[in-house]
Amino acid sequence: MNTSTRKPSYRGSRFAKRTQTKRHHSSPYNRTRRGGGRGRYASSSKLTDATFINKNPRTQEEESYTPTHTFADFKLHPQITTNLAKKGYIHPTRIQDTAIPHILAGKDVVGIANTGSGKTAAFVLPIINKLIKSQHKEHALIITPTRELAQQIQDEFREFSHSMKIYTTLCVGGLNIRRQMKELKRNPHVVIGTPGRLKDLITRGYTLNAERITTLVLDEVDHMLDIGFLPDTTFIIKTLPEKKQSLCFSATMQPEITRFLDALLTEPQTISVRTSERGEHIAQDIIRARSEADKLKELIRMLSQQHFEKVLIFGAMKRGVQNLANTLTKNGFSAIAIHGNKTQPQRQRALDAFKKGKVKILVATDVAARGLDIPNVSHVINFDQPKTREEYVHRIGRTGRAGKPGQAYTFVS
Ligand code: AMP
């Protein structure tokens, strides 16, 4: 059934029933809903110099997790298991360990998880399994807030579904829409997109082969809320069949998000994995500088040290970020910029060059802070301070990933 015919009173009586059911769980999801706060990382909380200091990062042993399942326990299609081994995954991460059994059982899932937790594979593996079991009939739609994250998810799909004849399409802004229209006509098994572009395509009559979509993934819902994407996302969801499995991931669970998810999900299983979200395993310090010229001098001094191997520098404004990358290049550093004024292919190229180690320094606006999985970033430097704690935690979370040590510095005046 196409739900676009549904009345705008999106919740209806099902909403009340579900709310009641969910009260039986004492999950963090419900607790947050009743408490209604954003917790320690509320954007409104004040940033002080102390926010940017952590001289005793937690050790990796303290962070380690012993899974209750092996990948073999999930009884995934043998080719998926082969692809997993090729990728070098041996044990499931906490989110994979807890979420995959529920997802395989067809349940709706809310994962309170940040990037770095392994959440991508937690939904990608069961979706591939479902596709294969249904002989490629059960399709999936994945909505993410950023183009880069969408690209990253597509890359992971390709790796895990290698030689399984699963076709994915990327529907994001900044890339040729005609090509995306053409690809949608070929009924890909998995569509991965950002809300604005997906809505645009649907409005132009490309319905994503909606009746086949039996799994919907909403990734980084908190970020979607921040950029005002929830209305577009609601528009897209209304074009999908009512009966579907929904999997939602968010690093935080503020009231707007719980209200939004209440309307979408049926008796969801809530899984909370927030260990490294606070960046407690990342060494953090401040650097005092009186002027912009001082900051630059100090930055150059730092970058000249050998152990600053792969450095992500955050700036506030697009132009400032570009100028800083140019200045660093002029000073003999291998640097590239990524910001909203670059075209999507330029952004992708810059990111690839940094990921592959062809350039040593990536200077970025917050476009690069969320969701991106860049291996082995040795240092994050906040040349300009972030505006909120959340933004800060997301920025520094680009280092210290996958059990590696991480160091973050923030310039203060
Ligand atoms: P994600 O949170 O999905 O962005 O994943 C963060 C990083 O962890 C990525 O580099 C993944 O390739 C990696 N990763 C995810 N799951 C596992 C696993 N079970 N074993 C090893 N690495 C993993």
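Overview of the structure. (Residues numbered from 1 in each chain as written. Predicted model: local features only at pLDDT ≥ 70, side-chain atom pairs only at ≥ 80, totals over all residues. Heavy atoms only, no water.)

1. Examining the sheet that holds strand β1 (residues 109-113)
Strand order in the open sheet formed by 7 strands is β3-β4-β2-β5-β6-β1-β7, with parallel pairing between adjacent strands. Strands with a single pairing partner mark the edges of an open sheet, and in this sheet they are β3 (168-171) and β7 (269-273). Each strand of the sheet is rotated relative to its neighbour by a mean of 15°, with strand direction disregarded. Pairing geometry for strand β2 (residues 139-143) and strand β5 (residues 213-218), over 5 bridges, is parallel. Its bridge partner lying in β5, Ile 143 is registered against Leu 218. Along the sheet face, helix α7 (residues 147-160) touches β2, β3 and β4 (190-193) and points at about 175° away from the line of β3. (Pairing = 2+ DSSP bridges. Helix = DSSP H or I, 4+ residues; strand = E, 2+ residues; numbered from the N terminus. Axes fitted to C-alpha atoms, helices over the stretch in contact; angles between N-to-C directions. Contact = heavy atoms within 4.5 Å.)

2. Observations regarding the packing of aromatic side chains
With the rule as written, the count across this model stands at 6 aromatic pairs. Ring geometry for Phe 52 against Tyr 392: centres 4.9 Å apart, planes inclined by 65°, an arrangement best described as edge-to-face. Of this pair, Phe 52 sits in the loop between α2 (28-35) and α3 (60-63) while Tyr 392 sits in helix α16 (residues 389-396), placing them 340 residues apart in sequence. By relative accessible area, Tyr 392 is classed as buried at 3%. Between Tyr 89 and Phe 160, the ring centres sit 5.5 Å apart and the planes meet at 65°, which makes this aromatic pair edge-to-face. Pair noted here: Tyr 89 is in the loop between α4 (78-87) and α5 (94-104) and Phe 160 is in helix α7, with a separation of 71 residues, a long-range link. Its guanidinium or amino end placed over the ring of Phe 235, Lys 199 lies 5.1 Å from that ring's centre, counting from NZ or CZ. (Phe/Tyr/Trp six-rings, centres within 6.5 Å; stacked < 30°, edge-to-face > 60°. Buried < 20%, exposed > 50% of the residue type's maximum accessible area, 1.4 Å probe, protein only. Lys NZ or Arg CZ within 6 Å of the ring centre and 35° of its normal.)

3. A closer look at the site of the ligand
The immediate surroundings of the ligand are formed by 14 residues, with Tyr 89, Gln 96, Gly 116, Thr 120 and Asp 373 found nearest. Here Tyr 89 contributes a side-chain N or O atom positioned 2.5 Å from an oxygen atom of the ligand. Within the side chain of Gln 96, a nitrogen or oxygen atom sits 2.8 Å from a nitrogen atom of the ligand. Look at the ligand: alone it shows 490 Å² of surface, and the protein chains cover 82% of it. (Near = heavy atom within 4 Å. Polar contact = N/O pair within 3.5 Å; in protein donor to acceptor, adjacent residues only side chain to side chain. Areas by Shrake-Rupley, 256 points an atom, 1.4 Å probe, with all protein chains shown as cover.)

4. Points about α4
Listed in full, the buried residues belonging to α4 are Ile 80, Asn 83 and Leu 84. All buried residues of α4 lie within an arc of 105° about the axis, which places them on one face of the element. When the buried face of α4 is taken as reference, the exposed residues oriented beyond 90 degrees from it are Pro 78, Ala 85 and Lys 86. If you follow the buried residues of α4, they end up packed against α6 (119-133) and α7. (Arc of directions from axis to C-beta.)

5. Some remarks on the packing of α6 against α7
Contact geometry for α6 and α7: axes closest at 10 Å, N-to-C directions at 50°. Put simply, α6 runs oblique to α7. As for the relative orientation of α6 and α7, their crossing is right-handed in sense. Of the residues in α7, those in contact with Thr 120, Ala 121, Phe 123, Val 124, Leu 125, Ile 127 and Ile 128 of α6 are Ile 153, Glu 156, Phe 157 and Phe 160. (Parallel < 35°, antiparallel > 145°, perpendicular 65-115°, else oblique. Left-handed = near helix turned anticlockwise from the far one by under 90°.)

6. A look at helix α8 (residues 177-185)
An α-helix turns once per 3.6 residues; consequently, residues spaced three or four apart project the same way. Within the span of α8, buried status applies to Ile 177, Gln 180, Met 181 and Leu 184. The buried residues of α8 occupy an angular sector of 105° when the element is viewed end-on, so they sit on one face. Exposed residues lying more than 90 degrees from the buried face of α8 are Arg 178, Arg 179, Lys 182 and Lys 185. Where α8 is buried, its residues meet β3, β4 and α9 (195-203). For α8, the N-terminal cap is Asn 176; the gap from its side-chain oxygen to the backbone nitrogen of Arg 178 is 2.8 Å. A positive phi of about 50° marks Asn 187, the residue just after α8.

7. Describing the side chain of Gln 254
If you trace the backbone, Gln 254 turns up in the loop between β6 (245-250) and α12 (255-264). Here the side chain of Gln 254 touches Thr 252 through a polar contact of 2.8 Å, side chain to side chain.

8. Quick word on the pattern of salt bridges
Scanning the model with the defined rule gives 14 salt bridges in all. Among the salt bridges present, the one from Arg 179 reaches Glu 183, with a minimum N-O distance of 3.4 Å. You can see Arg 179 and its partner Glu 183 sitting in helix α8, 4 residues apart, about one turn around the helix. One continuous salt-bridge network, built from bridges that share partners, spans Lys 119, Asp 219 and Glu 220. (Salt bridge = Lys/Arg side-chain N within 4 Å of Asp/Glu carboxyl O.)

9. Brief notes about the side chain of Thr 146
Here Thr 146 shows up in the loop between β2 and α7. If we ignore the near neighbours within four places in the chain, the residues touching Thr 146 are Thr 194 and His 223.

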